[in-house]
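What follows is the residue order along each chain.
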Amino acid sequence: MFKLDKLSLHLGLAALIIITAQSSFAQSGSAKFPGIGRVATPAEVAAWDIDVRPDFKGLPKGSGSVEQGQVIWEAKCASCHGTFGESNEIFTPIAGGTTKDDVKTGRVASLKDMKQPQRTTLMKVPTVSTLWDYIYRAMPWNAPRSLTPDDTYAVVAFILSLGEIVPDDFVLSNTNIAEVKMPNRNGMTTKHGFWNVKDKPDVNGNACMHNCVPFVQIGSTLPDFARNAHENIAEQNRMYGPYRGADTTKPPIKALPGTSGAGLAHAADTHSSAAKGPAALFKNENCSACHAPNAKLVGPSIADIAKKYEGQSGAVDKLMAKVKAGGAGVWGSIPMPPQAQLSDEDRKTLVVWVLSGGK
Amino acid sequence: MEKPANQARLVKAPEHFISQELIADINANGLDEKRRGFLRKGFMSAIGGAAAGLVAPYAMAAGEGDPAILEKQEWQTTLGKNVATMPYGLPSVYESNLIRRESPGLTRVSAASVAFTPLQGLFGTITPNGLHFERHHQGWYNLNPETHRLMVNGLVKNPRVFTMNDLMRLPSVSRTHFIECGANTGLEWGNVAVPTVQYTHGMLSCCEFTGVPLKVLLDECGADLKKGKFLLAEGGDGSGMTRTINLESCLNDTIVAWAMNGEMLRPENGFPLRLVVPGVQGVSWVKWLRRLEVGDMPWNAKDEAVHYIELMPDGSHRQYASIQECKSVITTPSGGQQLLDKGFYNVSGMAWSGRGKITRVDVSFDGGNNWRTARLETPVLTKSITRFNIDWVWDGSPAIMQSRAMDDTGYIQPSIKTLRNVRGTRSIYHNNAIQSWKLDSNGEVSNVQVG
């Protein structure tokens, strides 16, 4: 009985403290908008204020080695970015295009020539804080904020080693991060007129009205083979009115169709032809964020799944269970999150469609 | 027979529901399953919306006139749908071609991609909310407004937390502004890459945004605006998008907004809260806004150090290039469209400037050799889209159409050649060049670059 009383007394005190604290939040607002908003507690600010600036304000304590980074990389990063950060499959490559000379000069020489096919992250990023901040806040791509500060130091160390910015036995920490010399640290300029409306633009046109360019030369057009690359433009325009879409499934027509539009191949109704079905479901339920038709993305391709389970009895039930509960290990270490939001009917539709190779 | 939908009314004998058209149709073509269906449906005339083809070509001698005038239409002769059949309305089914679209092959994953606004079919200056362009970095969520919070911290006397209930009690403003992605038209820096204005210019929208002025919130938190020249805006999505905002330049017109065109923001556009930074590229209009931090230096976040930087010919990157300069494009007619015949056309397009108001738009039909000044639709608002129109009689010969906008700072939209002379060809962002559309004698319009 006594114990219970003590407990309730404690609870009462705690409640009182909370009430007092809340009213003090309300009172600390300005007189202008009484009752609006409250003071953020130190714990709340700490939970959200995770950004790291170029002067490393906001950087938490911790450390990680290149070696540890490689282990995390292979488990959580390599499937999107490639074993050596070289992949161009999903996002542009992270490493490549920088030299030891760039580390000395602070300017990436390959940005000037046209030989480097892609601008990689390490070619561009001037400050190591940027890598740390972004990896900690938003990586891995399909499981953001799942890395600890130590994990993040390790992954950043591994990326830096890929660019030969730090040696293979390097341990990156909050105490030595400021010493890292990024290859493009001198490669950024803010000398332009785009930051402040008061600044002067770098380019301006001219307002000539007559006989401005007596010889008009066309410098670039879409090649014929790209005519239908954005699918049928006829179906991307209004079916009526003065401006119709050209039927890009066919070569251009030879003469004007005439005011009725008769003779235009796309005059047939397209308004009810919007395709629904498993392909749309696959996209709308976010499956396509990780699975592509033929290429490996975060997860295996539809074609690979269909091939693996071809002819296997019970494959539909097995995969339906897997889609519902999630899984890992069959196709690599990146887990497939459970898709509990799907109805049994939709799940079956999707699995049958995937097993048919997406046909 | 199905029971009529309405109670307490007389049900007429079926023969009174058979239209003259249907009788003529059955006489001409016999009674098949489809026409039996129409007879059955005669009882249910209140339902309406039967399949196309119900209006059979009634015996009408050629030359008497247009069947669309001479014949009764289904919608004239039957009962339409009830009010609130669509409690949140949708466009006509005949408008279903005009939707947001992805450009095939632009990115490998749709959660970090773009859906472009169909500018080729829009009118006026306001983008319908369902067609406002989308660009996400880590997919979109339908955030719960009850648990959404906005924190203001950094160089402020009182770091504060606001709920949506708090924010929506504050004095609000409603202002119309354009939003354009810094990469809009970026695909075309090197050469023509995409066929239509949806893909060349469709990362552009314009809406009336409602929210609380940023300054009201910063004052409320006691922001140190002497030391604090920069603002970090942070999103609540997986990418935790962060952008540095120029507080000195943007403080007075930036809005912490919850509404767009009279309704709450759509989830794809940041529901329940986004930053509106007029004139500045879209990436800084942070969606699902959850934190604002006042600081004394720029943050160099991922999207201001790896992306949204322009590669100059000398190998340097321009960083913190934010303002969307004066730009215009003819939307009708535009690439991929087909003109039906010679004669009169209203040629129309959009003009905008992140530096201020549009003052003039000129249009050329001969590839930029001669220009005429277009009519501007009012109101002409600052950092907003202005619609322009110009009359044109097409004689059937090939033409190259261009538009060129000017703003109240004296800035004139440049040609692609002028831009490339200064910035080279490897930039992605801030391509505000004059757009050229080539019209062939067959009436088809295509995307070309001149010079």
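Up top is the structure these notes are about.
Residues numbered from 1 in each chain as written. Chains lettered and ligands numbered in written order. Predicted model: local features only at pLDDT ≥ 70, side-chain atom pairs only at ≥ 80, totals over all residues. Heavy atoms only, no water.

In terms of regular secondary structure, chain B is built from nine helices and 24 strands. A burial count over chain B gives 58% of its 451 residues as buried. Within chain B, residue pairs in contact and separated by at least 24 positions form 69% of the contacts whose partners lie at least 6 positions apart. Here chain B displays about 17,800 Å² of accessible surface, and carbon together with sulfur accounts for 55% of that area. (Helix = DSSP H or I, 4+ residues; strand = E, 2+ residues; numbered from the N terminus. Buried < 20%, exposed > 50% of the residue type's maximum accessible area, 1.4 Å probe, protein only. Contact = heavy atoms within 4.5 Å. Areas by Shrake-Rupley, 256 points an atom, 1.4 Å probe, with all protein chains shown as cover.)

Residue and element names in this part refer to chain B. Structurally, the position occupied by Asn269 is in the loop between β10 (263–264) and β11 (274–276). By relative accessible area, which is 1% here, Asn269 ends up buried. Those residues within four positions of Asn269 in sequence are excluded, and the remaining contacts are Arg100, Asn129, His132, Phe133, Met260, Arg274 and Lys287.

Next up on the list: the environment of A:Lys324. Residue and element names in this part refer to chain A. By the secondary structure assignment, Lys324 is in helix α10 (residues 315–325). The exposure class assigned to Lys324 is partly exposed, which follows from its relative accessible area of 44%. Separated by 125 residues in sequence, Lys324 and Asp199 place their C-alpha atoms 56 Å apart. The residues touching Lys324, leaving out its near neighbours within four places in the chain, are Pro338, Gln339, Ala340, Asp344 and Arg347.

Okay, the interface of chain B and chain A next. One widely used convention gives an interface's size as the accessible area the parts lose upon coming together. With 134 residues of chain B in contact, the opposing surface of chain A contributes 115 residues. Carbon and sulfur atoms supply 55% of the area buried between chain B and chain A, which totals about 10,400 Å² over both sides. Inspection of the region where chain B meets chain A yields nine salt bridges. The partner of A:Asp49 in a salt bridge is B:Arg291, and the shortest N-O contact between them spans 3.1 Å. Classifying every residue of the side of chain B that touches chain A by side-chain character gives 52 nonpolar, 49 polar and 33 charged. Bridge analysis of strand β1 (residues 38–39) of chain A against strand β4 (residues 160–163) of chain B gives two bridges, and the strand direction is antiparallel. Residue pairing in the sheet places A:Val39 in a bridge with B:Arg160 of β4(B). (Buried area = accessible area lost by both parts, 1.4 Å probe. Salt bridge = Lys/Arg side-chain N within 4 Å of Asp/Glu carboxyl O. Nonpolar A, V, L, I, M, F, W, Y, C, P; charged D, E, K, R; others polar. Pairing = 2+ DSSP bridges.)

To continue, consider the sheet that holds strand β12 (residues 289–295) of chain B. The strands making up a sheet are joined through hydrogen bonds of the backbone, oriented either antiparallel or parallel. The mixed open sheet is built from six strands, whose spatial order is β1(A)-β4(B)-β3(B)-β12(B)-β7(B)-β8(B). Strand pairing shows two members of the sheet lacking a second neighbour, β1 of chain A together with β8 (242–246) of chain B, which therefore form its edges. Relative to β4(B), strand β3 (residues 149–154) of chain B is paired through four bridges, and the arrangement is antiparallel. Each residue of the ladder has a partner; that of B:Leu150, found in β4(B), is B:Phe162.

For the rest of this paragraph, the subject is the packing of aromatic side chains. Scanning the entire structure with this criterion turns up 13 aromatic pairs over all chains. Measuring from ring centre to ring centre gives 5.5 Å for A:Tyr243 and B:Tyr345, while their planes differ by 25°; the resulting arrangement is stacked. Of this pair, A:Tyr243 sits in strand β6 (residues 243–245) while B:Tyr345 sits in strand β17 (residues 343–352), placing the two residues on different chains. Ring geometry for B:Phe365 versus B:Trp392: centroids 4.3 Å apart, planes at 5°, classification stacked. Of this pair, B:Phe365 sits in the loop between β18 (358–364) and β19 (372–373) while B:Trp392 sits in strand β21 (residues 386–394), and the two are 27 residues apart along the sequence. (Phe/Tyr/Trp six-rings, centres within 6.5 Å; stacked < 30°, edge-to-face > 60°.)

Time to look at unusual backbone geometry. Note the cis peptide between A:Met139 and A:Pro140, where omega equals -10°. Here A:Pro140 lies in the loop between α6 (128–138) and α7 (149–162). Of note, the bond from B:Phe271 into B:Pro272 is cis; its omega dihedral lies within 30 degrees of zero at 10°. With respect to the helices, strands and loops of the structure, B:Pro272 is situated in the loop between β10 and β11. The residue B:Thr185 is not glycine, and still its phi comes out positive at about 70°. With respect to the element layout, B:Thr185 can be found in the loop between β5 (173–180) and α6 (197–201).

To continue, consider the sheet that holds strand β20 (residues 375–376) of chain B. Residues and elements named next belong to chain B. Across the sheet, four strands lie side by side as β15-β17-β21-β20; this open sheet has antiparallel pairing. Where the open sheet ends on each side, the last strands, each with one partner, are β15 (327–332) and β20. Sheet topology note: the β15/β17 ladder contains five bridges and is antiparallel. Within the sheet, the bridge partner assigned to Val329 lies in β17 and is Met350.

Together, A:Tyr240, B:Val93 and B:Tyr94 make up a nonpolar patch on the protein surface, roughly 330 Å² of accessible area in all. Looking at A:Tyr240, the relative accessible area reads 44%, which means it is partly exposed. (Patch = residues over 30% accessible without salt bridge, like charges linked within 9 Å, V, L, I, M, F, W, Y side chains within 5 Å.)

We now examine the pairing of strand β6 (residues 204–213) of chain B. Residues and elements named next belong to chain B. For β6, the tally of buried residues reaches nine of 10 residues, placing the bulk of the element in the interior. Of the strand pairs in this sheet, β6 and strand β9 (residues 255–260) are connected by five bridges, and their pairing is antiparallel. If you follow Val212 over to β9, its bridge partner there is Val256.

This paragraph deals with helix α3 (residues 66–81) of chain A. Residue and element names in this part refer to chain A. Taking 1.5 Å per residue as the helical rise, α3 with its 16 residues ought to reach 22 Å, whereas the 17 Å between its terminal C-alpha atoms falls clearly short. At Glu74, α3 shows its maximal kink, close to 55°. Inspection of α3 places Val66, Gly69, Ile72, Trp73, Cys77, Ala78, Cys80 and His81 among the buried residues, and these make up the whole buried set. Buried-residue contacts for α3 involve β2 (63–65) and α7. Within two residues after α3, Gly82 carries a phi angle of roughly 85°, on the positive side. (Expected span 1.5 Å × (residues − 1). Bend = angle between axes of the 7 residues up to and from the residue.)

All names here are of chain A. At a minimum axis distance of 9 Å, the contact between α10 and helix α11 (residues 344–355) shows a crossing angle of 120°. On the basis of their axis angle, the class for α10 and α11 is oblique. Handedness of the crossing formed by α10 with α11: right-handed. In this structure, α10 contributes Ala315, Val316, Leu319, Met320, Ala321, Val323 and Lys324 to the contact, and α11 contributes Asp344, Arg347, Lys348, Val351, Val352 and Leu355. Residues belonging to the contact of α10 with α11 are distributed by class as follows: nine nonpolar, no polar and four charged. (Axes fitted to C-alpha atoms, helices over the stretch in contact; angles between N-to-C directions. Parallel < 35°, antiparallel > 145°, perpendicular 65-115°, else oblique. Left-handed = near helix turned anticlockwise from the far one by under 90°.)

What follows concerns the nonpolar core. Burial of nonpolar side chains together is a common tendency in soluble globular proteins. Judged by nonpolar contacts, the single largest core of 55 residues is most densely connected at B:Leu150, B:Leu167, B:Leu218, B:Val256 and B:Leu292. A per-element tally of this core places β9(B) first, with six residues. With near-sequence residues (within four places) excluded, B:Leu150 lies in contact with B:Arg160, B:Val161, B:Phe162, B:Leu167, B:Leu217, B:Val256, B:Leu273, B:Leu289, B:Arg290, B:Arg291 and B:Leu292. One finds A:Ala78, A:Ile90, A:Val180 and B:Val306 within the second-largest nonpolar core, a separate group that totals 49 residues. (Core = buried A, V, L, I, M, F, W, Y, C linked by side-chain atoms within 4.5 Å.)

Taken as a whole and judged by the stated rule, the model has 34 salt bridges over all chains. With a shortest N-O distance of 2.8 Å, A:Arg238 and B:Glu95 are connected by a salt bridge. Pair noted here: A:Arg238 is in the loop between β5 (218–221) and β6 and B:Glu95 is in the loop between α4 (74–77) and β1 (114–115), and the two residues belong to different chains. The exposure class assigned to B:Glu95 is buried, which follows from its relative accessible area of 18%. Linking B:Lys438 and B:Asp440 is a salt bridge whose minimum nitrogen-to-oxygen distance equals 2.7 Å. Judged by its relative accessible area of 21%, B:Lys438 falls in the partly exposed class. When its relative accessible area of 27% is taken as the criterion, B:Asp440 is described as partly exposed. Here the salt bridges do not stand alone but share partners, grouping A:Asp49, A:Asp51, A:Lys57, A:Asp133, A:Arg137, B:Glu234, B:Arg290, B:Arg291 and B:Glu293 into one network.

By definition, a disulfide links the sulfur atoms of two cysteine residues through a covalent bond. Taken as a whole, this structure holds one disulfide over all chains when the rule is applied. Paired by a disulfide, A:Cys208 and A:Cys212 hold their sulfur atoms 2.1 Å apart. In this structure, the disulfide formed by A:Cys208 and A:Cys212 twists by about -95° around the S-S bond and is classed as left-handed. Accessibility expressed as a relative area gives 22% for A:Cys212, which makes it partly exposed. Considering cysteine sulfurs only, B:Cys206 is the nearest to B:Cys207, which forms no disulfide, with 6.6 Å between them. Cysteine B:Cys326 remains unbridged, with the sulfur of B:Cys206 as its closest cysteine sulfur at 14 Å. (Disulfide = S-S within 2.5 Å.)

Geometric descriptors of this kind do not, in isolation, establish any biological role.
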